[in-house]
Amino acid sequence: QVQLVESGGGLVQPGGSLRLSCAASGNIYSINAMGWYRQAPGEERELVATITSDGSTNYADSVKGRFTISRDNAKNTVYLQMSSLKPEDTAVYYCIAKRRFSNPTWGQGTQVTVSS
C-alpha cells in the first residue's frame, strides 16, 4: 500500500510561480511512475505531467516549457514546479502513483488558484 500526501497549493498571481510536493510512503519500491493530474470545475480530469522510475518525463502541451516535474528519491517525493502561471491553470491538482498490477493511488488534491 502507498500513501500520498500533497502540499504546496494556494493562491498566486498570473505570471507567478508555485511548487507542489507529493510525499509517498508505504511500499514505495513497487512504484513505476508518478504524476500530476488536474481538474477544473465542470471539466474532466486531465494529465499534467508524469515521471517514471527511470526519470523519463512527459507533459501536457498546455504546460510544456512552464512546468517541471522532478523527484527526490531520498525523500520519496515528487514535485511539480509551476512558473508563468495563467488563470487557466486554476484547478485542483492531484498526485498519482502507479504500482505494478495495482490500481493507481491518488492524493487528496490541492487547490491552485491563479488570480489577480
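Note that the coordinates shown come from a computational prediction; the quantities given were computed from them, not determined experimentally.

Conventions we followed
- Residues numbered from 1 in each chain as written.
- Predicted model: local features only at pLDDT ≥ 70, side-chain atom pairs only at ≥ 80, totals over all residues.
- Heavy atoms only, no water.
- Pairing = 2+ DSSP bridges.
- Helix = DSSP H or I, 4+ residues; strand = E, 2+ residues; numbered from the N terminus.
- Axes fitted to C-alpha atoms, helices over the stretch in contact; angles between N-to-C directions.
- Core = buried A, V, L, I, M, F, W, Y, C linked by side-chain atoms within 4.5 Å.
- Buried < 20%, exposed > 50% of the residue type's maximum accessible area, 1.4 Å probe, protein only.
- Contact = heavy atoms within 4.5 Å.
- Polar contact = N/O pair within 3.5 Å; in protein donor to acceptor, adjacent residues only side chain to side chain.

(A) How the structure looks around the sheet that holds strand 3 (residues 18-26). Judged by pairing direction, the sheet is antiparallel, and its four strands sit side by side in the order 1-3-8-7 without closing on themselves. Of all strands in the sheet, those bounded by a partner on one side alone are strand 1 (2-7) and strand 7 (67-72). Put simply, the sheet's adjacent strands are angled 20 degrees from each other on average, direction ignored. Sheet topology places strand 7 next to strand 8 (residues 77-82); six bridges connect them, and they run antiparallel. Pairing of Arg71 across the sheet is with Val78, part of strand 8.

(B) Region of interest: the nonpolar core. If you look at the biggest cluster of nonpolar residues, it comprises 30 residues, and the most contacted ones within it are Met34, Trp36, Leu80, Met82 and Tyr93. Of all elements in the fold, only strand 1, strand 3, strand 4 (31-39), strand 5 (46-52), strand 7, strand 8, strand 9 (91-99) and strand 11 (110-114) reach the threshold of two or more residues within this core. Beyond its immediate stretch of four places on either side in the chain, Leu80 contacts Leu18, Arg19, Leu20, Trp36, Val48, Ala49, Phe67, Thr68, Ile69 and Tyr93.

(C) Representation of the side chain of Arg38 in the model. With respect to the secondary-structure elements, Arg38 resides in strand 4. Within the structure, the side chain of Arg38 is placed 3.4 Å from the side chain of Ser62, a separation counted as a polar contact. Each residue touching Arg38, except ones within four places of it in the same chain, is listed here: Glu44, Arg45, Glu46, Val48, Ser62, Val63, Phe67, Glu88, Asp89, Ala91, Val92 and Tyr93.

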